[in-house]
Amino acid sequence: MKIEHIPFDEEIKRFDEHLKDPENERTILSGIFGIGKTYFIHDYFKVNEDIYDVIIISPVNYSVSSNEDIFELIKFDILFQLLGKKIDYENFQLDYLNSADLYLKENYKNILLEFAKGIPKVGRNIFDMALPIKGLIELFEKPLENTIKGVKKTKEKSKIDDKEEAAEFLKFLANIKGTPVELNMTSQLINKLLQSQSEEENNNSERKFVLVIDDIDRVDPEHIFRIFNVFSAHFDYYGYSGQNKFEFDKVILVCDIKNIKSVFCHRYGENADFSGYIDKFYSNEIFHYDFARRIEDNVTYFLSRISTNNKILKDALEVRGSMIKTDLTMVLGDMVLSGSLSLRSILKFLNTNLLFPDKTIRLRGQNIYLFSIPIFIEIYLLNKLLDGKENLLKALNLLVSFKPAHKLHGGNNFVDKRIGSLIQLVDYKNNHLEQKDELITYESTEHGFKATYGIYPISAGYGSYGKIKDITFINQPTYENAPDTVLVKEFIFPMYQLFKLAATNYYQLVSAAE
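It should be emphasised that the depicted structure is a prediction, and the values quoted were computed from it without experimental measurement.

## Observations concerning the environment of T326
Moving on, step 1. One can find T326 in helix α14 (residues 323-338).
Moving on, step 2. As a C-alpha pair, T326 and T300 span 26 residues in sequence and 9.1 Å in three-dimensional space.

Structure below.
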């Protein structure tokens, strides 16, 4: 089942106000890896496609060697996307470099065909351009001599004087790729395509052209600073309030600013002035994108979208409140906040149907169907979500550090069943997962408590769950849940420590099951 839209309206509104600020010509959108920055950017501009015309590029997808200029590939990527917008080339307006303009206009098909062989370097498919334009792209600069000849020939046709001056200026441009005043063939064509599209859409004066460079902090450090330094030189040359690179109305750099700072300090030293370096890349302030709280707020929304063949899980997720839903909401919310679960993982998981296998294990002569026990169901779901044992145990280790203890109340949120079900699995060698009339005692000297619990049927003999009767703590009051009386008391409990023990036992039992 696919999620068409995630309800993060508050965060979208906050970013919308940030971007629409007329003085915000460039900004940095910062957030931790995996939190959904790319998803958010694409979703935001899809919603606002009537306001913004956006080019989104991700250099992390480029096939670029350490000695290649990544900024040249960025230009090819921009050009590839611009050409796919069906721009009317006849709208090109000539400036004082009109010889170069006319050369590009009259010969762009040959230029594109000659350089199309480089398209795969930016992770693009040459056939993607077959419909929008007949000759596809990627530009490496033409040999200087041939280019100058072409410009001179075009100038003669245009009856424009100063041929020698134009040739010398073009030679100058070709030799300064990546500098603030660069206007080589690729850059020149990008500028002209943007100008052409602006003129096509002059009936909508509010429409803005936006360049987004995504995942900057995921490329090689040499390339990170090549990208930043080209923009830096451009801003230094034109002034902080001047035009953006390629004359985009807005430029958005997407990264985790903490990662950029770490790489910067490693490269230039801990005492290097990172603030002074990074300030020029945003007009007003960095937009700190933090969907962790938004995702946490919408965990119930995600859970409601799970498709499964397990009746116990399905029933638990459909009701307003249940032990399984309460437990999963707590665990998933804390995983997001601790950084151990990404939005990307959630979306990937929700696009699949959660099918439970028929796993049984024989304990003391009885066949136990593992996925009729809530705690097994929960751990199976988490194992699928985090893509295996290693990732889940690592995430639980992070949770133990993130939240070493939970403050719980004895009379609400299914506390007795949630703790009891954890102990049911943690203590399986003692209880054998059997439903019993008598109570069982479990003691943990490591975590300082002793619990009395029972194992009860879910319904008509199908499945079972654990439920605590009482807990005695070394340094806390006793929690008691008598049959007719619930004494609501607050206590501290190591939920994730027990969850980790339960997960370890889960993997042992599942691997031994038929």
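Having seen the model, we can carry on.
## Overview of the environment of D50
Moving on, step 1. As for its position among the elements, D50 is in the loop between α2 (37-47) and β2 (52-57).
Moving on, step 2. Along the primary structure D50 and K208 are separated by 158 residues, whereas in three dimensions their C-alpha atoms are 9.4 Å apart.

## Focus on empty space enclosed by the protein
Moving on, step 1. Across all of its chains, the model carries one cavity of 30 Å³ or more by this definition.
Moving on, step 2. Quantified by volume, the largest cavity comes out at close to 100 Å³.
Moving on, step 3. Put simply, the parts of the chain that give the lining of the largest cavity at least two residues each are α12 (299-304), α14, α15 (343-350) and α16 (374-385).
Moving on, step 4. For the lining of the largest cavity, the class distribution of residues is 13 nonpolar, no polar and no charged.

## Some details on helix α3 (residues 70-83)
Moving on, step 1. In this model, α3 (14 residues) spans 20 Å end to end at C-alpha, consistent with the 20 Å of a helix rising 1.5 Å per residue.
Moving on, step 2. With respect to burial, α3 is a largely interior element, 14 of its 14 residues being buried.

## What to know about the nonpolar core
Moving on, step 1. The biggest cluster of nonpolar side chains holds 77 residues, and the ones touching the most others in it are M335, F376, I419 and F493.
Moving on, step 2. Considering each element in turn, this core owes the most residues, 10 residues, to helix α20 (residues 495-512).
Moving on, step 3. Each residue touching F376, except ones within four places of it in the same chain, is listed here: L370, F371, L425, L433, Y506 and L509.
Moving on, step 4. Grouped together as the second largest cluster of nonpolar side chains are 42 residues, I213, I216, F248 and F281 included.

## Describing the pattern of salt bridges
Moving on, step 1. Counted under the stated rule, the structure contains 10 salt bridges.
Moving on, step 2. D215 is the salt-bridge partner of R218, the closest N and O atoms lying 3.5 Å from each other.
Moving on, step 3. The salt bridge involving D315 is made with K311; its shortest N-O contact spans 2.7 Å. With D315 and K311 both in helix α13 (residues 311-318) and four residues apart, the pair spans about one turn of that helix.
Moving on, step 4. With relative accessibility at 32%, the residue D315 sits in the partly exposed group.
Moving on, step 5. Residue classification places K311 among the exposed positions, given a relative accessible area of 55%.

## Structural notes on the sheet that holds strand β5 (residues 287-288)
Moving on, step 1. The five strands are arranged β2-β3-β4-β1-β5 in an open sheet whose pairing can be described as parallel. At either margin of the open sheet sits one strand with a lone partner, and together these are β2 and β5.
Moving on, step 2. Here strand β1 (residues 26-30) pairs with strand β4 (residues 250-255) via five bridges, running parallel. Within the sheet, the bridge partner assigned to S30 lies in β4 and is C255.
Moving on, step 3. Packed onto the sheet, α2 meets β1, β2, β3 (208-213) and β4 and runs at close to 155 degrees relative to β2.

## Section: the layout of surface pockets
Moving on, step 1. Counted as a void, the largest pocket has a volume near 550 Å³.
Moving on, step 2. Contributing to the lining of the largest pocket are 26 residues, with L341, S345, L385, L386 and D387 lying nearest its centre.
Moving on, step 3. When residues of the lining of the largest pocket are traced back to their parent elements, those giving at least two are α15, β7 (353-354), α16 and α17 (389-402).
Moving on, step 4. Here the residues of the lining of the largest pocket are counted per class, giving 13 nonpolar, eight polar and five charged.

## Description of the confidence of the model for the chain
Moving on, step 1. In this model, the chain carries a mean pLDDT of 76, and residues with pLDDT of at least 70 account for 67%.
Moving on, step 2. In the predicted structure, residues 92-97 sits below a pLDDT of 50 and forms 18 contacts with residues beyond four places in sequence or in another chain.
Moving on, step 3. This model gives residues 129-148 a pLDDT under 50, and the stretch forms 68 contacts once residues within four places in sequence are excluded.

What counts, and at which threshold
Residues numbered from 1 in each chain as written. Predicted model: local features only at pLDDT ≥ 70, side-chain atom pairs only at ≥ 80, totals over all residues. Heavy atoms only, no water. Helix = DSSP H or I, 4+ residues; strand = E, 2+ residues; numbered from the N terminus. 1 Å grid on protein atoms, 1.4 Å probe; cavity = no way out; pocket = protein on both sides within 12 Å on 5 of 7 lines; lining within 4 Å. Points joined across faces, edges and corners; volume = space filled by probe spheres on them. Nonpolar A, V, L, I, M, F, W, Y, C, P; charged D, E, K, R; others polar. Expected span 1.5 Å × (residues − 1). Buried < 20%, exposed > 50% of the residue type's maximum accessible area, 1.4 Å probe, protein only. Core = buried A, V, L, I, M, F, W, Y, C linked by side-chain atoms within 4.5 Å. Contact = heavy atoms within 4.5 Å. Salt bridge = Lys/Arg side-chain N within 4 Å of Asp/Glu carboxyl O. Pairing = 2+ DSSP bridges. Axes fitted to C-alpha atoms, helices over the stretch in contact; angles between N-to-C directions. pLDDT = per-residue confidence, 0-100.

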